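Structure at a glance
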Amino acid sequence: MPKLPPRILEAAQVVPSARQLAWQEIEFYGFVHFGINTFTNQEWGAGSENPALFNPKKLDCRQWARVFKAAGMRGMVLTAKHHDGFCLWPSEFTGHSVASSPWKEGRGDVVREAAEACKAYGLKFGLYLSPWDRHEMTYGTGEAYNAFYKRQLRELLTNYGELFCVWFDGACGEGKNGRKQEYDWQGYYDLIRELQPNAVISICGPDVRWVGNEAGVCRSSEWSVVPEKIASATTPDLGSRKALMKSKGKLVWHPAEVDVSIRPGWFYHEKEDYAVKPLAKLRDIYYKSVGGNAALLLNVPPTPEGLISQRDVETLISLGAQLQIDFKENLAEGSAVTDTCRLDDAHTGQMALEPGGDTYWHSGPLEKPAELVLDLGDDYDIDKLVLKEHIATGQQIEKFTLYVDKNCTGEGKSQWKELAKGTVIGHKRIFKFTEQRMRRVKLVIEQARGFATLEAWEAY
Ligand code: FUL
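Residues numbered from 1 in each chain as written. Predicted model: local features only at pLDDT ≥ 70, side-chain atom pairs only at ≥ 80, totals over all residues. Heavy atoms only, no water.

Once that is clear, we can look at the site of the ligand. As a structural note, the neighbourhood of the ligand is formed by Phe-31, His-33, Trp-44, His-82, His-83, Tyr-128, Trp-167, Asp-169, Glu-214, Asp-259 and Trp-266. Take His-33: an N or O atom from its side chain is 2.7 Å from an oxygen atom of the ligand. In this structure, His-82 approaches the ligand through a side-chain N or O atom, which is 2.9 Å from an oxygen atom. Taking 290 Å² as the accessible area of the ligand by itself, protein coverage stands at 89%. Taken together, the residues of the shell around the ligand sort by class into five nonpolar, three polar and three charged. (Near = heavy atom within 4 Å. Polar contact = N/O pair within 3.5 Å; in protein donor to acceptor, adjacent residues only side chain to side chain. Areas by Shrake-Rupley, 256 points an atom, 1.4 Å probe, with all protein chains shown as cover. Nonpolar A, V, L, I, M, F, W, Y, C, P; charged D, E, K, R; others polar.)

Quick look at the structure:
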């Protein structure tokens, strides 16, 4: 392969932090938009809503957690405060919270109930705290608001156990005084690193990147190594060799998260009860996001009663069941993989089939395209293949093709037919195709950043 340009060698050396690596494993988690908007039937509250409206009489965060778990999610991110400034916990620093509501006579705390429910169901817990606050008087005054915001952030970072994520929304509108606030991002980040060092800072933050839309769509090439400063979150190509060569400044590990709602809105609106995304749509979003080197944050907004509504519950339970069926039996388990190159005996192609993140195939320095052949030992009907790079050593693969052997008896000569081709593999790539009978599959890595790895290869 031709000599690598310095910029690409630089990209090859960018690796995820330990907290990013842990976050990658979560893959699919839920968003909960719940607050005063739930009771006013709004998407964006003005900040002048009466806290007395907040009264989720049947609130049951355990129901949320139970349904999320059944859907196959591994975490939950709750809007502790949305743009209206109303706090779901009794913040010491404002009266605009659950403490001023009739719910549990002002003694309730939704953040606590959600944190405890997640713990009980083995889900990770994260929080959304909108920097834009349309209620708070100090908003738009500079330092005074930043100090207020950090006090609230500190409450959330210290009182609710371990958080896996702090989700910062980019919206920055005008406050009550008609002024915009200059956020002290670095100050917010420092506080999170100090108090919750394992939490990723998402969207307006260094750890997880917004995919660029709220429609559940990710790029066909969703790169994790991208320039630190990008022109826009919607730029179509962020990390191809061409894009990196043209870019300037530092390169960082900034993987994408797809945030999308199960309904048209982020908050619950009864009129959207018949617009819940159907199973087929959610499954497709899952395959393309989790299976496209991105994470999936699926929003499910509870009703004014404080429960996830029946339609959403049914859809989510079917989604979980469907995913279990889809990935029930990995036919590649116990199979054989041969390689055309390897770093050493501890990193042969066979290692891609070993469970766990520590065993993987490593090509060694790549002089020419590398080939791996998976032999299932018998022929099976297959409609999905899963590939994972060993991202702890970075994102290396830039171009590959998958072939299936048309001669599926295993006797005689192979007849390779192209099945799929692409650029990014990254943390996880799921290939879904029309079911076909196969025994042998070949992966050819045509271009990489000096070497290539494969941590998993599954077939269903
Ligand atoms: C946006 C907000 O303005 C929406 O209300 C919602 O919270 C979404 C996830 O982020 O920027």
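We now examine helix H4 (residues 61–71). The set of residues buried in H4 consists of Cys-61, Gln-63, Trp-64, Ala-65, Val-67, Phe-68 and Ala-71. Taken together, the buried residues of H4 touch strand E1 (28–32), strand E2 (75–81), helix H5 (110–121) and helix H10 (310–326). With a side-chain oxygen positioned 3.1 Å from the backbone nitrogen of Arg-62, the residue opening H4 is Asp-60. Where H4 ends, the next residue or the one after it, Gly-72, has phi of about 95 degrees, a positive value. (Buried < 20%, exposed > 50% of the residue type's maximum accessible area, 1.4 Å probe, protein only. Helix = DSSP H or I, 4+ residues; strand = E, 2+ residues; numbered from the N terminus. Contact = heavy atoms within 4.5 Å.)

So, about the packing of H4 against H5. Packing of H4 against H5 brings their axes to within 8 Å, and their N-to-C directions diverge by 40 degrees. Put simply, H4 runs oblique to H5. With respect to the hand of their crossing, H4 and H5 are arranged in right-handed fashion. Packed against H4, whose contacting residues are Cys-61, Arg-62, Trp-64, Ala-65, Arg-66 and Lys-69, the element H5 presents Val-110, Glu-113, Ala-114, Ala-117, Cys-118, Ala-120 and Tyr-121 at the interface. When grouped by side-chain class, the residues that make up the contact of H4 with H5 number nine nonpolar, no polar and four charged. (Axes fitted to C-alpha atoms, helices over the stretch in contact; angles between N-to-C directions. Parallel < 35°, antiparallel > 145°, perpendicular 65-115°, else oblique. Left-handed = near helix turned anticlockwise from the far one by under 90°.)

Bringing the nonpolar core into the picture now. Most often, soluble globular proteins have nonpolar side chains that are buried together. One finds Phe-54, Trp-64, Leu-78, Val-110, Val-111, Phe-125 and Leu-153 to be the most contacted residues of the largest nonpolar core, which totals 77 residues. When residues no more than four places from it in sequence are discounted, the contact partners of Leu-153 are Leu-129, Val-166, Phe-168, Tyr-188, Leu-191 and Ile-192. Counting 33 residues, the second-largest nonpolar core is a separate cluster that includes Leu-331, Ile-382, Leu-419 and Ala-452. (Core = buried A, V, L, I, M, F, W, Y, C linked by side-chain atoms within 4.5 Å.)

Tallying each qualifying case throughout the model produces 27 salt bridges. Here Asp-339 makes a salt bridge to Arg-342, at a shortest N to O gap of 2.5 Å. Since its relative accessible area comes to 39%, Arg-342 is described here as partly exposed. A salt bridge links Asp-381 to Arg-437, with the nearest nitrogen and oxygen atoms 3.0 Å apart. You can see Asp-381 sitting in strand E13 (residues 370–388) and its partner Arg-437 sitting in strand E16 (residues 429–448), a full 56 residues away along the chain. Of the residues examined, Asp-381 reaches a relative accessible area of 39% and is grouped as partly exposed. Judged by its relative accessible area of 41%, Arg-437 falls in the partly exposed class. Put simply, Glu-27, Arg-74 and Lys-428 are held in one network by salt bridges that share partners. (Salt bridge = Lys/Arg side-chain N within 4 Å of Asp/Glu carboxyl O.)

Remember that the coordinates give geometry; whether it matters functionally is a separate question.
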